[in-house]
Amino acid sequence: MKGISYGQKVKGRCGRSRFYFRASSQGFQNCPNAEVLAVCDIVPSRAEQRAKEFNIPNCFTSIDELLSIKEIDAVSICTPNIDHKRSTIKALQAGKHVLCEKPIAMNAREAQAMIDAAHKAKKKLMIALHNRFFSRTEYLKGLIEAGHLGKPYYARSLSIRRRGVPSWGVFGQKKLQGGGPLIDIGVHIIDLTWYLMGCPKPVSVSGQTYETIGATPGHVGEFGPWDYKTYDVEDFAVALVRFANGATMMIESAFCVNLDKEVFGCHVVGDKGGATLMPLENLVELRLELGGHIMDCQPRHFPADDNPYDKEIAAFVDAIIKNKPVPVPATEAIWTSKIIDGIYKSAKVGKEVPLK
Ligand SMILES: NC(=O)c1ccc[n+]([C@@H]2O[C@H](COP(=O)([O-])OP(=O)(O)OC[C@H]3O[C@@H](n4cnc5c(N)ncnc54)[C@H](O)[C@@H]3O)[C@@H](O)[C@H]2O)c1
């Protein structure tokens, strides 16, 4: 691929965010088939800093300037959620392929507009759901596809922080973010769980959200103090999703909740076996029945330098070069958006809602 450019991700104010910025930025530079030609951020000093740090030849404060560079084949959108739809559609209309950060958009309606734009422009639109690219995920997906767990019929999707409200960015502001933990961290694990279950069609959801901690002063925060005055998203959400094939998924997602510990991962249950995947703990555990005993097994020897960001970006670039489907198409990512929209709607109306 001749050129690639990406929207700026600012260096965050905590270790976790810095890690994400470096990981995704470096992914393009580590990819032998990509060249980073430009960076754009509406804050000039951030654009300049990134251009300098990553030796990028062009730096802009408007995406229009960036999109006018003919050699650019693809754009990576790393702006806050409220801008995903706008910048993605602009890039697609300018004839560029797009890798857009998760969540795909503020809601499924926006996501559909992005999908329609990609279809019209005949360009690729992939969503950056990197948890699908951990070696442990790839291994477990292969096992499930080969039938080793039988038919997956139940799953738990858990993205729970006890006091993990981000102290940077706009993660606590519904109008800029679209929602709270569900749309920020939940989206990763709901997609991962659904993907491992074989992408069944969701038909309804019953959910509840709770606002008890984040908007009140005087709480400790794992990432430092957050702005409780602008915080208007849910602290904690719980839901049950029903699928057309009879399977169900329980979801728990929290920025702050009085539970025992952080959990970020999923359990998938089939009639022959079950599995637990905790990507950040490098854990896959299989629940089998063997030789008259129930058994928990942990596969070993995954690569020590497993880097899902590099793999995600390499797969995006490869799909462009070889003109094949992207591995995480927007047409799949929109289902997580529909589930999340459904949870918010169900919480509002106080009953189960259908999904289309
Ligand atoms: N894949 C992951 O694991 C992961 C991790 C962190 C963040 N994210 C996603 O990345 C996105 C950004 O998150 P963040 O933590 O980096 O947010 P942030 O607010 O720290 O940074 C966003 C940057 O975008 C710039 N910006 C805003 N509007 C712009 C526009 N119209 N054009 C150009 N630049 C613009 C801002 O000035 C800022 O520098 C979010 O959608 C978030 O969900 C993904």
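Everything numeric here is computed off the predicted structure, so don't read it as measured data.

**Some remarks on the packing of helix H4 (residues 81-93) against helix H5 (residues 108-121)**
Working step 1: Viewed as axis vectors pointing N to C, H4 and H5 meet at an angle of 5°, and their least axial separation amounts to 9 Å. Between H4 and H5, the angle falls in the class roughly parallel. Two secondary-structure elements touch here, H4 through His84, Lys85, Thr88, Ile89 and Leu92 and H5 through Glu110, Ala113, Met114, Ala117, Ala118 and Ala121.
Working step 2: Grouping the constituent residues of the contact of H4 with H5 by class yields seven nonpolar, two polar and two charged.

**Thoughts on the domain arrangement of the chain**
Working step 1: Structurally, the chain comprises domain 1 (4-131 + 309-328) and domain 2 (133-304 + 336-354).
Working step 2: Counting residues at the interface gives 24 residues for domain 1 and 28 residues for domain 2.
Working step 3: For the pairing of domain 1 and domain 2, the buried interface totals around 2200 Å² over both sides, and the portion due to carbon and sulfur atoms is 57%.
Working step 4: Inspection of the region where domain 1 meets domain 2 yields two salt bridges.
Working step 5: Here lysine 102 ties to aspartate 184 by a salt bridge, and the two come within 2.9 Å at their closest N and O atoms.
Working step 6: Linking domain 1 to domain 2 there are 11 residue pairs in polar contact (both at pLDDT 80 or more).
Working step 7: When residues of the side of domain 1 that touches domain 2 are traced back to their parent elements, those giving at least two are helix H1 (15-30), H4, strand S6 (125-128) and helix H9 (308-321).
Working step 8: Per-element tally for the side of domain 1 that touches domain 2: the top contributor is H9, with three residues.
Working step 9: The class makeup of the residues in the side of domain 1 that touches domain 2 is 14 nonpolar, five polar and five charged.

**Some points on the confidence of the model for the chain**
Low pLDDT means the predicted coordinates in that region are not meant to be read closely.
Working step 1: Of all residues in the chain, 93% attain a pLDDT of 70 or more, and the chain-wide mean is 92.
Working step 2: Contacts from residues 8-21, a stretch scored under 50 in pLDDT, to residues over four places away or in other chains number 35 contacts.

**Some points on the pairing of strand S5 (residues 97-101)**
Working step 1: Among the five residues that make up S5, five are buried, leaving the element largely enclosed by the rest of the structure.
Working step 2: Along S5, one buried face is formed by His97, Leu99 and Glu101 and the opposite face, lined by Val98 and Cys100, is buried too.
Working step 3: Alignment of strand S4 (residues 74-77) against S5, held across four bridges, turns out to be parallel. Looking at S5, one finds that valine 75 is bridged to valine 98.
Working step 4: Handedness of the S4-H4-S5 crossover: right-handed.

**Quick word on the environment of alanine 244**
Working step 1: For alanine 244, the position within the fold is in the loop between strand S9 (236-243) and strand S10 (248-254).
Working step 2: Alanine 244 sits in the exposed class, given a relative accessible area of 56%.
Working step 3: Through-space distance from the C-alpha of alanine 244 to that of arginine 156 is 17 Å; in sequence the pair is 88 residues apart.
Working step 4: Excluding residues that lie within four positions of it along the chain, alanine 244 makes contacts with Lys201 and Val203.

**Observations regarding the pattern of salt bridges**
Working step 1: Per the stated rule, a full pass over the model turns up 14 salt bridges.
Working step 2: A salt bridge links aspartate 191 to arginine 132, with the nearest nitrogen and oxygen atoms 2.8 Å apart. In this pair, aspartate 191 sits in helix H8 (residues 181-196) while arginine 132 sits in the loop between S6 and helix H6 (135-145), placing the two residues 59 residues apart along the sequence.
Working step 3: Aspartate 191 gets classed as buried once you look at its relative accessible area, which sits at 1%.
Working step 4: For arginine 132, a relative accessible area of 4% gives the class buried.
Working step 5: Between aspartate 306 and lysine 311 there is a salt bridge whose closest N-O contact spans 3.0 Å.
Working step 6: Overall, lysine 311 belongs to the partly exposed group, its relative accessible area being 25%.

**Remarks on the nonpolar core**
Working step 1: Counting residues in hydrophobic clusters, the biggest one holds 96 residues, and the most contacted among them are Leu125, Met249, Ile251 and Phe316.
Working step 2: Counting residues per element, this core draws most heavily on H8, which supplies eight residues.
Working step 3: Formed jointly, this core draws a minimum of three residues from each of two domains, domain 1 (4-131 + 309-328) and domain 2 (133-304 + 336-354).
Working step 4: Sequence-distant contacts of isoleucine 251, defined by excluding residues within four places in its chain, comprise Ser157, Leu182, Ile190, Ala237, Val238, Ala239, Val241, Ile339 and Ile343.
Working step 5: With eight residues, the next largest nonpolar core counts Leu158, Ile160, Phe236 and Met278 among its residues.

Cut-offs and rules
- Residues numbered from 1 in each chain as written.
- Predicted model: local features only at pLDDT ≥ 70, side-chain atom pairs only at ≥ 80, totals over all residues.
- Heavy atoms only, no water.
- Axes fitted to C-alpha atoms, helices over the stretch in contact; angles between N-to-C directions.
- Helix = DSSP H or I, 4+ residues; strand = E, 2+ residues; numbered from the N terminus.
- Parallel < 35°, antiparallel > 145°, perpendicular 65-115°, else oblique.
- Contact = heavy atoms within 4.5 Å.
- Nonpolar A, V, L, I, M, F, W, Y, C, P; charged D, E, K, R; others polar.
- Domains from an automatic or database assignment.
- Buried area = accessible area lost by both parts, 1.4 Å probe.
- Salt bridge = Lys/Arg side-chain N within 4 Å of Asp/Glu carboxyl O.
- Polar contact = N/O pair within 3.5 Å; in protein donor to acceptor, adjacent residues only side chain to side chain.
- pLDDT = per-residue confidence, 0-100.
- Buried < 20%, exposed > 50% of the residue type's maximum accessible area, 1.4 Å probe, protein only.
- Pairing = 2+ DSSP bridges.
- Right-handed = clockwise from strand over helix to strand, strands pointing away.
- Core = buried A, V, L, I, M, F, W, Y, C linked by side-chain atoms within 4.5 Å.

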